[in-house]
Amino acid sequence: MESEDFDLSKMTVEDLFRAKDERRKRLARLSFEEKIMIVKKLQEVSRSLQPLRAANKAKRATEAVEIKIKTR
């Protein structure tokens with residue numbers, strides 16, 4: 001299924017499984033070098049998100065959490 005054909009309103013479960021299978025086969029056909037390039041790109045993305053994750057974690061750590069316990 002090509003990206004220009006992608007319309008969620010017309011997707012069926014069978015379409016999703018078919019697309020998943022096609023993607024798996026396409027990725028399996030890639031050369032080792034292409035797969036390594038993909039891994040390196042994913043690592044770059046992960047590294048670029050690290051400061052945002054750290055800031056979000058720090059923000060959550062400083063927020064006051066109120067836990068309400070319902071009693072009779």
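Everything below is about the structure printed above this text.
Everything quoted here is computed from the prediction, not taken from an experiment.

(A) Quick look at the overall build of the protein. The helix and strand tally for the protein stands at 2 helices and 0 strands. Over its C-alpha atoms the protein spans a radius of gyration of 21 Å, topping by over 25% the 11 Å that the globule rule assigns to 72 residues. If you line up the protein on its principal axes, its C-alpha atoms span 55 × 35 × 20 Å. Classification of the 72 residues of the protein by burial places 3% in the buried group. Here the protein has roughly 7,400 Å² of accessible surface; of this, 58% comes from carbon and sulfur atoms. Considering the protein, the positive charge centre built from 19 side chains and the negative charge centre built from 13 side chains are found 10 Å apart.

(B) Here's a closer look at the environment of Val45. Residue position: Val45 is located in helix H2 (residues 32–62). With a relative accessible area of 38%, Val45 lands in the partly exposed category. Along the chain, Val45 and Met11 lie 34 residues apart, while their C-alpha atoms are 29 Å from each other.

(C) Structural context of H2. For H2, built from 31 residues, the straight-helix expectation of 45 Å at 1.5 Å per residue is met to within 8% by its first-to-last C-alpha distance of 45 Å. The sharpest bend along H2 measures roughly 35 degrees and falls at Gln50, with the proline Pro51 sitting one to four residues further on.

(D) The arrangement of the pattern of salt bridges in detail. Evaluation of the coordinates by the stated rule reveals 3 salt bridges. Two residues, Arg24 and Asp21, come together in a salt bridge whose shortest N-O distance is 2.8 Å. Here Asp21 and Arg24 lie together in helix H1 (residues 13–29), a separation of 3 residues that amounts to about one turn. Salt-bridge contacts for Asp21 lead to Lys25; the nearest nitrogen and oxygen are separated by 3.2 Å. Of this pair, Asp21 and Lys25 both sit in helix H1, separated by 4 residues, roughly a single helical turn. Among the ionic contacts, a cluster of salt bridges with common partners joins Asp21, Arg24 and Lys25.

Cut-offs and rules
Residues numbered from 1 in each chain as written. Predicted model: local features only at pLDDT ≥ 70, side-chain atom pairs only at ≥ 80, totals over all residues. Heavy atoms only, no water. Helix = DSSP H or I, 4+ residues; strand = E, 2+ residues; numbered from the N terminus. Rg over C-alpha atoms; globule rule 2.2 N^0.38 Å. Buried < 20%, exposed > 50% of the residue type's maximum accessible area, 1.4 Å probe, protein only. Areas by Shrake-Rupley, 256 points an atom, 1.4 Å probe, with all protein chains shown as cover. Lys, Arg positive; Asp, Glu negative; His and termini not counted. Charge placed at Lys NZ, Arg CZ, Asp CG, Glu CD. Expected span 1.5 Å × (residues − 1). Bend = angle between axes of the 7 residues up to and from the residue. Salt bridge = Lys/Arg side-chain N within 4 Å of Asp/Glu carboxyl O.

Read these as layout, nothing more, since geometry by itself doesn't imply function.
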